[in-house]
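The lines below spell out each chain.
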Amino acid sequence: MAVVKMRLYRGDSNGGAEKEYEVPLEEGMVVLDAIHFIQANYDGDLAVRWNCKAAKCGSCSAEINGMPKLTCKTRLDTLPLDKPVTVYPIKTFPIIKDLVTDVSWNYKVRKTIPPFTPAKDTKWVMYQEDVERGQEFRKCIECFLCQDVCHILRNHDKKNEFIGPRMLIKIAELEMHPLDTLDRKEFLRDQAGIGYCNITKCCTEVCPEHIHITDNAIIPLKERVADTYFDPLQWLLEKFKGSPKQ
Amino acid sequence: MANGTAQNAVTLRRDTWWAAPLITAVVLGSFGIYSTWRALSNADFLVEPYLSPFYSPYILASWWPFSPALLILWAPLGFRATCYYYRKAYYRSFFLAPPACAVRPLAKEGSYAGESKLPFILQNIHRYFFYAAGVVLFFLWVDAFKALKFEDGLGVGVGTLVLFANAALLSLYSLSCHSFRHLIGGNLDVFSKCPTRFMLWGKASALNEHHMLWAWVSLFGVALADLYVFLLARGVITDVRLI
């Protein structure tokens, strides 16, 4: 039976190092299977977060050969096996132990987003063409791979200035909702820091749900901000016609 | 190592992540050098009935001592420079911000301001360059139709097809623009009340999915259209009359 060499990061916030393991390769095996084999046969104290094993819970995010991916969705036969496969915890968030990081910042920052705000006398009738744009954003499984790969959070550590791609698609979902009445453009510009995004599209590249984060969420939001703050013609038009948003 | 994270290397990637930004830098850089040379040369741009797209519309102004191309090219240049696709391309290739996903950017940790401050905050006026480039595009179509008019009457030469192809590719690039997609309908929250704008937004969205493709082919198209007129003017090639 073929054997695959795995190099896993072992350590905590005080430091750590790679440790190499040999795992028998089976057909259809994913990286998470190999990690479970290591946990069962070599190091029972190896920490790894996982849940559904079906790419739907977003728990098993890690960096495989340097790229942010879900370990449950990454088949070993798609990786070059002539060298050991490296598995690291996601870089953007503080490490707790081994492959497990503390992603709680995401939940805290999400609470700052102004919530869905329908009108008081809303008639709860919506048409498919009005809601289907937001349905793409609702596919998000909150794996935070987009937050991990975003260089603004990952390398520049701008967590106080920039809310990150996952939160921007949440705002897009709310902003484009046909029954929402709240204007989040000021929030987008100031608290969310949308101006920090330089649309290098890494968030879209790593999204396991294939959400067009940049093209369908971030850029349309940037354009909405431009309407109000950078386009005198649109600003005048909004003043003249009036905005449906509060 | 920020926040007790586990890695401090430039990247742990082992694939050829550097190839795409390198190729982009070479191709975009080559186009920049070629177009600057052609725009400044002020020669070999008109061979009746063909006018190079770098000089369209041809403006003969006595008060302007430089190449007439400079009166025009700011519009398409500004449109491409602020284009959402090209921003990704040159931020990665020239600014290494970052050069590829999960690769450390060139800028020092924490020094980054993105498009929130000058000069890159000016990317927000992309739509105004879209309007200006639209005017230039109109004249490119006019020139393509003028390329049907030969000394002995109406006809079609290879140059005619080249100029029509150039105008068509630039139209596809312009109509797939993210700002256009927003202005034509993307800024609406309730599509069902504006079915025409919803339909137009749908068409713009379909084109927008291939915006990168249109950006590249239209870039090559405009360079090749200019090169065709240049080679004709220099007598290196002869135009073939098809009809």
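From a predicted model like this one, the values you see are computed outputs, not experimental measurements.

Calculation notes
- Residues numbered from 1 in each chain as written.
- Chains lettered and ligands numbered in written order.
- Predicted model: local features only at pLDDT ≥ 70, side-chain atom pairs only at ≥ 80, totals over all residues.
- Heavy atoms only, no water.
- Helix = DSSP H or I, 4+ residues; strand = E, 2+ residues; numbered from the N terminus.
- Expected span 1.5 Å × (residues − 1).
- Buried < 20%, exposed > 50% of the residue type's maximum accessible area, 1.4 Å probe, protein only.
- Arc of directions from axis to C-beta.
- Disulfide = S-S within 2.5 Å.
- Domains from an automatic or database assignment.
- Contact = heavy atoms within 4.5 Å.
- Buried area = accessible area lost by both parts, 1.4 Å probe.
- Salt bridge = Lys/Arg side-chain N within 4 Å of Asp/Glu carboxyl O.

J.: Report on helix H6 (residues 158-175) of chain B, specifying residues and quantitative values.
T.: Residue and element names in this part refer to chain B. An ideal rise of 1.5 Å per residue puts 26 Å on 18 residues; H6 measures up with 26 Å between its terminal C-alpha atoms. Those residues of H6 lying buried are Gly-159, Thr-160, Leu-163, Asn-166, Ala-167, Leu-170, Ser-171, Tyr-173 and Ser-174. Angular distribution of buried residues about the axis of H6 spans 165°; they occupy a single face of the element.

J.: Talk me through unusual backbone geometry; I want residue IDs and the actual numbers.
T.: That bond from B:Ser56 to B:Pro57 is cis: its omega, 0°, falls within 30 degrees of zero. Note on placement: B:Pro57 falls in the loop between strand E2 (50-51) and helix H2 (69-72). The omega torsion across B:Ala97 and B:Pro98 is -5°, close enough to zero to call that bond cis. Looking at the secondary structure, you find B:Pro98 in the loop between helix H4 (84-93) and helix H5 (126-146). If you check the backbone angles, A:Lys201 has positive phi at about 70° while not being a glycine. In this structure, A:Lys201 sits in the loop between helix H7 (185-189) and helix H8 (202-206). Its relative accessible area of 22% is what places A:Lys201 among the partly exposed residues.

J.: Describe the state of the cysteines, naming the residues involved and giving the relevant values.
T.: Residue and element names in this part refer to chain A. Using the criterion set out here, one finds one disulfide over all chains in the structure. The structure places no disulfide on Cys-146, whose sulfur is separated from the nearest cysteine sulfur, that of Cys-140, by 6.2 Å. For the unlinked cysteine Cys-207, the closest cysteine sulfur is that of Cys-143, found at 6.4 Å. Residue Cys-207 is classed as buried on the basis of its relative accessible area of 11%.

J.: Just give me the short version of helix H10 (residues 232-241) of chain A, but keep the residues and values in it.
T.: Judged by how many residues are buried, H10(A) sits mostly at the surface: one of ten residues are covered. One or two residues past the end of H10(A) sits A:Gly242, with phi positive at roughly 85°.

J.: Provide a residue-level description of the domain arrangement of chain A, including the pertinent values.
T.: Residue and element names in this part refer to chain A. Once the domains are mapped, chain A shows domain 1 (3-101) and domain 2 (104-241). Here domain 1 and domain 2 have C-alpha centroids that lie 31 Å from each other. Listed by partner, the interface residues are 16 residues for domain 1 and 18 residues for domain 2. Roughly 1300 Å² of surface becomes buried between domain 1 and domain 2 when both sides are summed, with 57% attributable to carbon and sulfur atoms.

J.: Account for the pattern of salt bridges, with residues named and values stated.
T.: Residue and element names in this part refer to chain A. As enumerated under the stated definition, the model contains 34 salt bridges over all chains in all. The salt bridge partner of Asp-148 is Arg-154, with a shortest N-O separation of 3.3 Å. Residue Asp-148 is classed as buried on the basis of its relative accessible area of 0%. Because the salt bridges share partners, they merge into one network encompassing Arg-10, Lys-19, Asp-43, Asp-45, Lys-97 and Asp-98.

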